[in-house]
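Observations on the three-dimensional arrangement
Chain by chain, the residues:
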Protein chains: 4
Amino acid sequence: MRIGYLGPPGTFTEMALLRLPEAEEADAVPCASVDVALGRVRAGELDAAVVAMENSVEGGVSATLDSLATGSSLHIVGEVLVPIRFVLAVRPGTTLEDIHAVATHSHAWAQVRGWMSEHLPEAVFMPALSNAAAAADLGGEGASSFQAAVCPQIAADRHGLVPLADDIGDIPDAVTRFVVAARPGRMPEPTGADKTTLVLFQRDDRPGGLLGLLEQFAARGINLTRLESRPTKASLGSYCFSIDLEGHVADERVGETLMGLHRICSEVRFVGSYPRADLRPAEIHPDHGDEAYVDARLWLELLRRP
Amino acid sequence: MRIGYLGPPGTFTEMALLRLPEAEEADAVPCASVDVALGRVRAGELDAAVVAMENSVEGGVSATLDSLATGSSLHIVGEVLVPIRFVLAVRPGTTLEDIHAVATHSHAWAQVRGWMSEHLPEAVFMPALSNAAAAADLGGEGASSFQAAVCPQIAADRHGLVPLADDIGDIPDAVTRFVVAARPGRMPEPTGADKTTLVLFQRDDRPGGLLGLLEQFAARGINLTRLESRPTKASLGSYCFSIDLEGHVADERVGETLMGLHRICSEVRFVGSYPRADLRPAEIHPDHGDEAYVDARLWLELLRRP
Amino acid sequence: MRIGYLGPPGTFTEMALLRLPEAEEADAVPCASVDVALGRVRAGELDAAVVAMENSVEGGVSATLDSLATGSSLHIVGEVLVPIRFVLAVRPGTTLEDIHAVATHSHAWAQVRGWMSEHLPEAVFMPALSNAAAAADLGGEGASSFQAAVCPQIAADRHGLVPLADDIGDIPDAVTRFVVAARPGRMPEPTGADKTTLVLFQRDDRPGGLLGLLEQFAARGINLTRLESRPTKASLGSYCFSIDLEGHVADERVGETLMGLHRICSEVRFVGSYPRADLRPAEIHPDHGDEAYVDARLWLELLRRP
Amino acid sequence: MRIGYLGPPGTFTEMALLRLPEAEEADAVPCASVDVALGRVRAGELDAAVVAMENSVEGGVSATLDSLATGSSLHIVGEVLVPIRFVLAVRPGTTLEDIHAVATHSHAWAQVRGWMSEHLPEAVFMPALSNAAAAADLGGEGASSFQAAVCPQIAADRHGLVPLADDIGDIPDAVTRFVVAARPGRMPEPTGADKTTLVLFQRDDRPGGLLGLLEQFAARGINLTRLESRPTKASLGSYCFSIDLEGHVADERVGETLMGLHRICSEVRFVGSYPRADLRPAEIHPDHGDEAYVDARLWLELLRRP
């Protein structure tokens, strides 16, 4: 089994991959970007890819949301939560006074600005393709235009760097949620603690129409755990909605909701049902349990019987 | 075939019965009250009964609504609209000056109060079991404690009375809607211009809970043509709702709505699907047509297929 | 002070009137009907009238609802709850075997049908203008065409009758709610346990439009304690809604709701704010308390200040 | 007057600034980032700043949304729409074959990936702080690690570069919306074609609670033109909502909506009312016009008057 991730080795995405039960047996394949990783899954070159979905500080990861919302269908089959902890990695011997430029991914930079303005107010930010790439570059043979990288400890270790400061993120307890995406075909069984991911395209694309979509969920007692608007790229103000809900497509109330959305949306893209990383079971009011649906269906069949 | 109605002969209910296509072949059986008529249908002594459901001036007919909402199940299989026109019926030779007391059913009295206060301000109202009973009493052999009856022309004719004044109702174009009720078993086919009657009992019986019920209809684009609250007789402020909607239980959107109500109500009583008297076809948005439901179901089945 | 009620003496309405604090000082004036009583208040001949509003078994009292919904404005200023208990009243010496006909108001008859079919299955029902009128007639000097009256004990006492059977209602704990109506001008102060009565006329008169009205209440956390549709008499299926809500027009959330309804209805008729008979205080979520409204208004004023 | 923008000169943000009526008289001050620009406005060093708010392809600009949602209050006082058109800028004499690495901002790179994979499939992406910075770097004196920059024509011109290809964006008609932010104090007058920007924080922070917020807008007939969820940074799944609506805080319906939101949210941050760039007037149903609000208020005052 071959699983792609955002490389080079040492990224948070690799840390997420390593937490998967499948990781021991699988071949971890670094990819240059989220697009490349998901493209290789679509092309059949990889069995799955681990990609970042949302971060507690920076929000949704646009590249992932947009790639899952377009192109040939991929399904999420699992999720992993990874605590985010940054170090300031340097070549051995470097001191704070030596640092004039710091490289990292722009998302990471956004999360350490407070620390930087306090400890390295004069340092210039050099954007990098990934945190691990910044570490790899700094740890490499040649000269480097910067003296420090912001990255996870694991990336520092891999590239012969040492942490000059640890846990330098501005927000404590930052977490990133990663998902495992695969070609449709092996849907995880319902566990009672599941999520389902959807992308909804409205006929009438004004955000106001969102009310009608949300009522479909509310009418069946379904909680949403994430909702993000994304441009459909058609015109300014034209949005689709990327949504995670509590429950599995095999649940009656989720199936009814999907059918209701299918009737009123121009497109409903199903992006998979999968077990929650936090194992928290869905709280279901008896009105919305499977039994209530089965009862109602039997009752209707009796009414309609000639 | 034996069809009951509120007698004696000459009532508006008999007029409604005579408009039924089945009337020619059927045996019309006068009954002492709505309760008696529906009770004899339940007992199998009659095949059906014609009963008043609502009047454009006086509103819902409590006896009919309550009898259909309780006891063993009856289904409405048809409806008839009858224009309501009252005459002031007297024995031949009687003049306005002779009239000191007027008998009629209290509902009829309520509809002619304006005329009475103008033309017979001193006349006393004598309540009768039905308009036709008042006419029969006045037209009978013995002495009578009143000199005029408010009734339809047909009742005057039957009992040897003459109209001293015609069309004396205060509201022009008053109409009463009658329904034909039978034991479950012969549901009329959908025609595209149908109604369905329901009685809804809430778990939480506050009128505020009505909002949740109405949302079930709105979510499927279903119009209501009548909604009335009726006491459940349990305590003051405990209500059920008697409802007519546009559509047939065989319609997908009506079936879905019934299932939705079944999940959230303590009881949903189905009181029949039947063709509308006015033949006005339901206007259905494509989101709520049968095709949209079938499409959504097939789509979901494909998603769920392993 | 002169207060009208549905006479003759001995009606449940008189019992309601006697429970008013004002009763001792006031002059109780029997009236022939609800319409007459309210008409005399409108005309200034009476200061107020006590009329039945709803009964736990028979539902809303159409004559009261319709009279309050039309004509010149009246305001409810108080309410009274009266337990309903019927006796079978006869002349002294009468036995069950002697009874061939029973007189009472049709609403009373509807509430004792079970007892009658068990104990007097052959007795004929004779409709009367009121229960007390039936008792007065039976207790009068002349011959009577019936041998028993269904009425409250008080009516039997007044007219020299004795109870052959007591508490003969089919539903235990039946209650009727009476209201005191007066010309606008002396609104009761808010007590924290109040009701407000409204009549709502929709622009678009389909019952489906009711959803939009109910949302106005739900959005401000307002409970309804009664909701009834009544025909506007314009055409079959044209309804207005008679509503009681928890709260006083002086409450912020009630005022906001009234303004919201005023914007979307063709007419909102205010029929008074008054203390609840059961003294149960309104439960108000902090989001909907007066303080939340005042805070929000001050905040908006600051935003708008140039 | 001093107006900040994301520098260096040659950015789309500078193009937006130049379209402002105030631009001729004002001093345009390049800033290193959105955060720096808005921070200098907050500190009183600048009178206003022009910042990107959303792009039709890439969606909301997180740095702007987050900076406006936190810290001391800023108000938007205007908006500008700028069509986005990229060129591939090179030093004179460079040909496609010479290009091995391309620098630009990551947002720009996301919008030209299609063109790049077709024409320069082997080229490496070098992230830059801005498109204009990439052009400045390439046009500078020293050696450069890349041979082309993706930037607007204006940036190429400023830095002595020539376009090797024009209009290389994957999505035609891409547009970015910029806003002018200033310290509170000079609110633009209502024009009838206005927008208002808000940030809403929920008490209960589940996305499902969004339904209750949207109902506040729907109940007053207010259209939303943008809705985005942003993490509050407290924990994964804790969101606030950044919203643009049609209308001005001086409009009655907008004021009512703001008060309604204030009652149910833990915080409502007002981020300004300002004229729309497209001058499209709001369509207002008469139920929601200023007149309907004023009428309702007068009516309520009369009801409440003692």
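Everything discussed here concerns the structure shown above.
In this report, the structure presented in the accompanying data block is examined. Because the structure is predicted, anything quoted here is derived from the model rather than measured.

**Let's talk about the interface of chain C and chain B**
On the side of chain B, 38 residues touch chain C, which itself brings 38 residues to the contact. Taking both sides of the interface into account, the surface hidden between chain C and chain B amounts to around 3,300 Å²; carbon and sulfur atoms contribute 61%. Sorting the residues of chain C by area buried against chain B places Leu211, Lys233 and Leu236 of chain C first, and these three jointly supply 18% of that buried surface. Where chain C meets chain B, there are 2 salt bridges. Measuring nitrogen to oxygen at the nearest pair gives 2.5 Å for the salt bridge that ties aspartate 35 of chain C to arginine 113 of chain B. The interface formed by chain C and chain B contains 8 residue pairs in polar contact (both at pLDDT 80 or more). Listing elements by their share of the side of chain C that touches chain B, those giving two or more residues are β3 (48-55), β8 (124-127), β11 (175-182), α7 (210-219) and β13 (224-231) of chain C.

**Concerning the interface of chain C and chain D**
Residue-level contacts link 26 residues of chain C with 26 residues of chain D. Contact between chain C and chain D buries roughly 2,500 Å² in total, counting both sides, with carbon and sulfur atoms accounting for 62%. Together, Arg263, Trp299 and Arg304 of chain C form the three largest contributors to the area buried by chain C at its contact with chain D, with a combined 27%. For the pair chain C and chain D, the interface holds 2 salt bridges. Between arginine 203 of chain D and aspartate 287 of chain C there is a salt bridge, and its shortest N-O distance comes to 2.4 Å.

**Some words on the relation of the copies chain C and chain B**
In the superposition of chain C on chain B (RMSD 0.1 Å, axial shift 0.0 Å), the rotation amounts to 180°. The two molecules are tied by a two-fold rotation axis, judged by turn and shift. Comparing interface residues between copies, 100% of those in chain C also sit at the interface in chain B, which points to an isologous, same-surface contact.

**Thoughts on the pattern of salt bridges**
Taken as a whole and judged by the stated rule, the model has 71 salt bridges over all chains. Among the ionic pairs, arginine 177 of chain D bridges to glutamate 79 of chain D, the shortest N-O distance being 2.7 Å. Of this pair, arginine 177 of chain D sits in strand β11 (residues 175-182) while glutamate 79 of chain D sits in strand β5 (residues 75-83); the two residues are 98 residues apart in sequence, bridging distant segments of the chain. Here arginine 177 of chain D and glutamate 79 of chain D have matching classes, each one buried. Residues joined in a network through salt bridges with shared partners are Glu54, Glu79, Arg177, Lys195, Arg226, Glu228 and Asp244 of chain A.

**Some remarks on the pairing of β11 of chain D**
Residues and elements named next belong to chain D. Within β11, 7 of the 8 residues are buried, which leaves it mostly tucked inside the rest of the structure. With 6 bridges connecting them, strand β3 (residues 48-55) and β11 associate as antiparallel partners. Bridge assignment links alanine 49 to a residue of β11, and that residue is alanine 181. The pairing of β5 with β11 spans 8 bridges and is classified as antiparallel. Its bridge partner being in β11, leucine 81 is matched across the sheet by arginine 177.

Calculation rules
- Residues numbered from 1 in each chain as written.
- Chains lettered and ligands numbered in written order.
- Predicted model: local features only at pLDDT ≥ 70, side-chain atom pairs only at ≥ 80, totals over all residues.
- Heavy atoms only, no water.
- Contact = heavy atoms within 4.5 Å.
- Buried area = accessible area lost by both parts, 1.4 Å probe.
- Salt bridge = Lys/Arg side-chain N within 4 Å of Asp/Glu carboxyl O.
- Polar contact = N/O pair within 3.5 Å; in protein donor to acceptor, adjacent residues only side chain to side chain.
- Helix = DSSP H or I, 4+ residues; strand = E, 2+ residues; numbered from the N terminus.
- Least-squares fit on C-alpha atoms with pLDDT ≥ 70 in both.
- Buried < 20%, exposed > 50% of the residue type's maximum accessible area, 1.4 Å probe, protein only.
- Pairing = 2+ DSSP bridges.

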